[in-house]
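Descriptive structure summary
What follows is the residue order along each chain.
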Amino acid sequence: MTSAEVLVTILDEVAAPPAYAHPGDAGADLVTTIDVVLQPFERALVPTGIAIALPDGYVGLVHPRSGLAARHGLTIVNAPGTVDAGYRGEIKISLYNSDPSTPIELKRGDRIAQLVVQEYVKARFVVAEKLPGSDRGEGGFGSSGGWAAAQP
Ligand SMILES: O=c1ccn([C@H]2C[C@H](O)[C@@H](COP(=O)(O)OP(=O)(O)OP(=O)(O)O)O2)c(=O)[nH]1
Ligand SMILES: [Mg+2]
């Protein structure tokens with residue numbers, strides 16, 4: 001684990017710098033600045049009231065919160081959302097109610113997602129005639145005996 005200073009601007013009085021609930025947490029909670037009701041299978045782009053400036057070499061990943069996901073089916077359409085280091089706009093979240101029958105009511109200030117800041121590797125993609133061999137080869141999509149292999 002490394003630590004890095006990340007500048008934050010607060011765009012709404014209900015927002016605050018993302019906060020880690022416990023010292024060992026990887027995810028810092030983000031709030032909604034609006035009241036929103038998500039009907040079953042409905043999605044909404046929700047503002048968080050903050051913008052950040054990540055240092056070069058870092059990325060912010062916006063993940064769902066497991067409690068809201070398990071209890072209410074609240075998730076993020078593009079989970080995890082990618083916040084690029086150069087992005088200076090407000091962080092917004094594409095929330096999605098995956099529950100087939102119950103609306104989800106979110107109130108301004110509710111913690112709705114969590115931001116994980118990570119260092120990343122900048123790949124240099126090099127075109128090759130042929131890729132080196134590997135144990136897995138082209139096997140995927142359940143090749144090792146997942147759900148696909150269990151289908152009749
Ligand atoms: O959950 C998210 C995902 C992205 N973003 C912001 C930060 C990110 O840097 C920018 C662009 O995201 P992405 O690259 O995923 O979207 P795109 O559809 O490819 O848009 P663009 O063409 O602007 O890159 O939008 C968010 O606020 N929340
Ligand atoms: Mg993009």
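Residues numbered from 1 in each chain as written. Chains lettered and ligands numbered in written order. Predicted model: local features only at pLDDT ≥ 70, side-chain atom pairs only at ≥ 80, totals over all residues. Heavy atoms only, no water.

Time to look at the nonpolar core. The tendency in soluble globular proteins is for nonpolar side chains to be buried as a group. Val62, Ile93, Leu95 and Leu106 are the most contacted members of the largest nonpolar core, which has 24 residues in total. Counting only elements with at least two residues in this core, the list comes to strand S3 (27–31), strand S4 (36–38), strand S6 (50–53), strand S7 (58–64), strand S8 (74–76), strand S10 (92–97), strand S11 (104–106) and strand S12 (111–119). At 3 residues, the largest contribution of residues to this core is made by S12. Setting aside anything within four residues of it in sequence, one finds leucine 106 in contact with Ile34, Asp35, Val36, Leu38, Leu74, Leu95 and Ile112. (Core = buried A, V, L, I, M, F, W, Y, C linked by side-chain atoms within 4.5 Å. Buried < 20%, exposed > 50% of the residue type's maximum accessible area, 1.4 Å probe, protein only. Helix = DSSP H or I, 4+ residues; strand = E, 2+ residues; numbered from the N terminus. Contact = heavy atoms within 4.5 Å.)

Moving on: the UniProt feature "binding site: substrate" (unreviewed entry) in the protein. Listed under "binding site: substrate" (unreviewed entry) in the UniProt record, and renumbered for this structure, are Arg65, Ser66, Gly67, Asn78, Thr82, Val83 and Asp84. These annotated residues cover 20 residues of sequence, and their C-alpha atoms reach 26.3 Å apart at the extreme, placing them across more than a single site. Secondary-structure assignment places threonine 82 in strand S9 (residues 81–83). Setting aside residues no more than four positions away along its own chain, threonine 82 makes contact with Val59, Gly60 and Leu61. Within the element layout of this structure, valine 83 appears in strand S9. Judged by relative accessible area, valine 83 falls into the buried class, the value being 7%. (UniProt positions renumbered as here; feature names shortened; annotations may be inferred.)

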